[in-house]
Amino acid sequence: MKKLPVIQENNEEEFSFKSLTDFNAPIYFDNNSTTQIEEEALSAMIKSMEYNYANPSGIHSAGIIARADVENARKNVANLIGCLSEEVIFTSGGTESIITAINSVVLTQTSKKHFITCLTEHSATLNMMKKIENVAGYKVSYLDVDKDGRFSLNQLETFLKIDENNNAMVSLMIANNETGTIHHNLEQAIKLSHKYGALFHIDAVQAAGKMSLPLLIKMAPDFLSISGHKIMASKGIGVLYVKSNTPFSSFILGKQELNKRGGTENVPGIVALGVVSRNPVANFDFRNKFIQLLSNNIPEVIINGGDIWNTVNVGFPYVHRESLVIELSNNGLFASVGSSCSSGIAPSHVLKAMNVDNKYIHGSVRFSFSKNTTENELIKSIDIIKKSYDRIRSISKGVINE
Ligand code: PLP
């Protein structure tokens, strides 16, 4: 087999391979958007591309080896999720997993036309739900949330009772990507949904690697989605868990993935996910530490919702979030305006649903950590945030009204 050339870092003719570390003392607090790949996963991925590029469907020896790599990775992922290997379907990422799960219910539960989700879901879910409600006869109900971003079981039951024979599916995330709020009542929500005939999907994209997925599987959801690039594997790989015996149909027709999804497998991505799936759940006290440091130094901020250790959504009064994020970036701190899919002038749909005060909603910025974040970075970031906020605040004085 031909050995592939190593791409030089300075080969910038077409692609920019500038390392994040080339920026001036960078602090990367945008891990909910995407994470740096783990060294071991990267090395496994490169080996997979370099040594055996065979198609795992091939019946020759090289294909059989590639297939074995895929199946070993599937075992690791099944362990991470707490399910059977045959319940793991590799996809291209969180968005595909979510859309496949919802679409599968449309395709298999044809007599049921009521879907339920929440106002604070990721755009992957909301976009698919919008598609569904535009089809004649279908209805989607959206759960409201309180100021912390939590829905109520009462409202869920009210929705489920509208037409008990018509409930197709409830799709809810466990951890919110913008705020880190956890839906602690998901177990009861799943029980209620099943009682009223609906299948249940958990968007666990922001929970994987940070909380126990087997505990979620014990709650008996029918579907669960995760994404590789949020947990230090690569982009372009995700998983849809489909509980055994759940009716299933994918819009990506074909046989490759256990007869459930077509297309040649992304073997390097699958292998990378297999490697990171060996790691136990990470849990650090970054959230509390960061909030404490920040509130001591900028007491006028508020914290929008949140539970999970790696996410803090901060409301800065009287500034615009994009100006602040750019100023932070110029000062070496990479944060985010919220979801990567919702950047723009309009305030975040999540914070709007939580009824965050006008004074803070335009200036809300998400800081998201990884297990590689250091205490030193937390401490250093506070000075950068204070300096950046003071500057933007002095410019925008009076521009954003209460
Ligand atoms: N669901 C949640 C909660 C997310 O945060 C994201 C990504 O931001 C997705 C789904 C979509 O995942 P992917 O980027 O892998 O398509």
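Residues numbered from 1 in each chain as written. Predicted model: local features only at pLDDT ≥ 70, side-chain atom pairs only at ≥ 80, totals over all residues. Heavy atoms only, no water.

Novice: Would you mind going over the side chain of Arg366 with me for this structure?
Specialist: Within the element layout of this structure, Arg366 appears in strand 12 (residues 364-368). Within the structure, Arg366 has its side chain in polar contact with the side chain of Ser33 (distance 3.0 Å). A polar side-chain atom of Arg366 sits 2.8 Å from the main-chain carbonyl oxygen of Asn177. (Helix = DSSP H or I, 4+ residues; strand = E, 2+ residues; numbered from the N terminus. Polar contact = N/O pair within 3.5 Å; in protein donor to acceptor, adjacent residues only side chain to side chain.)

Novice: Help me out: how do you make sense of the packing of aromatic side chains in this one?
Specialist: Any pair of aromatic rings gets described here by the distance separating the centres and the angle formed by the planes. Per the counting criterion, the structure on display carries eleven aromatic pairs. Ring centres of Phe316 and Phe367 lie 6.5 Å apart, and the angle between their planes is 70°; on these two criteria the pair is classed as edge-to-face. Placement of the pair is Phe316 in the loop between strand 10 (311-315) and helix 10 (321-330) and Phe367 in strand 12, with a sequence separation of 51 residues. Of the two residues, Phe316 and Phe367, neither departs from the other in class, the shared state being buried. Three or more aromatic residues link up through ring pairs in this structure, and these residues are Phe29, Phe284, Phe286, Phe290, Trp309, Phe316, Phe367, Phe369 and Tyr389. (Phe/Tyr/Trp six-rings, centres within 6.5 Å; stacked < 30°, edge-to-face > 60°. Buried < 20%, exposed > 50% of the residue type's maximum accessible area, 1.4 Å probe, protein only.)

Novice: Whenever I open this one, the sheet that holds strand 9 (residues 302-303) confuses me. Can you help?
Specialist: Through backbone hydrogen bonds, the strands of a sheet pair up, either in parallel or in antiparallel fashion. With respect to topology, three strands assemble into an open sheet ordered 9-10-12, the strand pairing being antiparallel. Single-partner strands in this sheet number two, and they are strand 9 and strand 12. By the bridge criterion, five bridges tie strand 10 to strand 12 in an arrangement that is antiparallel. Bridging from a neighbouring strand, Gly315 pairs with Ser364 of strand 12. Along the sheet, helix 9 (residues 286-297) makes contact with strand 9, strand 10 and strand 12, crossing strand 10 at roughly 25°. (Pairing = 2+ DSSP bridges. Contact = heavy atoms within 4.5 Å. Axes fitted to C-alpha atoms, helices over the stretch in contact; angles between N-to-C directions.)

Novice: Would you mind showing me how to read helix 3 (residues 94-108) here?
Specialist: For an α-helix, the turn length of 3.6 residues means that residues three or four places apart are oriented alike. Counted at 1.5 Å a residue, the expected span for helix 3 with its 15 residues is 21 Å, and the 21 Å between its end C-alpha atoms agrees. Burial within helix 3 is extensive, with eleven of its 15 residues counted as buried. Within helix 3, the full set of buried residues consists of Gly94, Glu96, Ser97, Ile98, Thr100, Ala101, Ile102, Asn103, Ser104, Val105 and Val106. (Expected span 1.5 Å × (residues − 1).)

Novice: What is the right way to look at the site of the ligand in this model?
Specialist: In the region of the ligand, 13 residues are neighbours, and Thr95, Asp203, Gln206, Ser227 and Lys230 sit closest. Between the ligand and Gly94 there is a distance of 2.8 Å, counted from an oxygen atom to a backbone nitrogen or oxygen. The separation between an oxygen atom of the ligand and a polar side-chain atom of Gln206 is 2.8 Å. Burial of the ligand by the surrounding chains reaches 89%, relative to a free accessible area of 390 Å². With three residues, the top contributor of residues to the shell around the ligand is helix 3. Within the shell around the ligand, the residues separate by chemical class into three nonpolar, eight polar and two charged. (Near = heavy atom within 4 Å. Areas by Shrake-Rupley, 256 points an atom, 1.4 Å probe, with all protein chains shown as cover. Nonpolar A, V, L, I, M, F, W, Y, C, P; charged D, E, K, R; others polar.)

Novice: I tried to follow the packing of helix 3 against helix 4 (residues 123-133) on my own but got confused; where do I start?
Specialist: Orientation of helix 3 relative to helix 4, taken along the N-to-C sense of each, is 30°, at an axis distance of 9 Å. By the angle between their directions, the pair helix 3 and helix 4 is classed as roughly parallel. For the element pair helix 3 and helix 4, the recorded crossing hand is right-handed. Two secondary-structure elements touch here, helix 3 through Thr95, Ile98, Ile99, Ile102, Asn103 and Val106 and helix 4 through Ala124, Thr125, Met128, Met129 and Ile132. (Parallel < 35°, antiparallel > 145°, perpendicular 65-115°, else oblique. Left-handed = near helix turned anticlockwise from the far one by under 90°.)

Novice: Could you clarify how one ought to interpret the sheet that holds strand 6 (residues 199-203) in this entry?
Specialist: Taken in spatial order, the seven strands line up as 2-8-7-6-5-3-4 in an open sheet, and their pairing is mixed. At either end of the open sheet lies a strand with only one pairing partner, and these are strand 2 (88-91) and strand 4 (139-143). Along the sheet, successive strands turn relative to each other by an average axial angle of 20°, direction set aside. Bridge count between strand 3 (residues 114-118) and strand 4: five bridges; the pairing is parallel. Counted as the bridge partner of Phe115 is Val140 from strand 4.

Novice: Looking at this structure, how should I read empty space enclosed by the protein?
Specialist: Over the atoms rolls a probe the size of a water molecule, and in doing so it shows where empty space is left. Within this structure, the stated rule accounts for one cavity of 30 Å³ or more. Considering only enclosed or pocket space, the largest cavity measures out at about 230 Å³ in volume. Contributing to the lining of the largest cavity are 20 residues, with Ala208, Gly209, Lys230, Ile231 and Met232 lying nearest its centre. Partitioned by chemical class, the residues of the lining of the largest cavity number nine nonpolar, seven polar and four charged. (1 Å grid on protein atoms, 1.4 Å probe; cavity = no way out; pocket = protein on both sides within 12 Å on 5 of 7 lines; lining within 4 Å. Points joined across faces, edges and corners; volume = space filled by probe spheres on them.)

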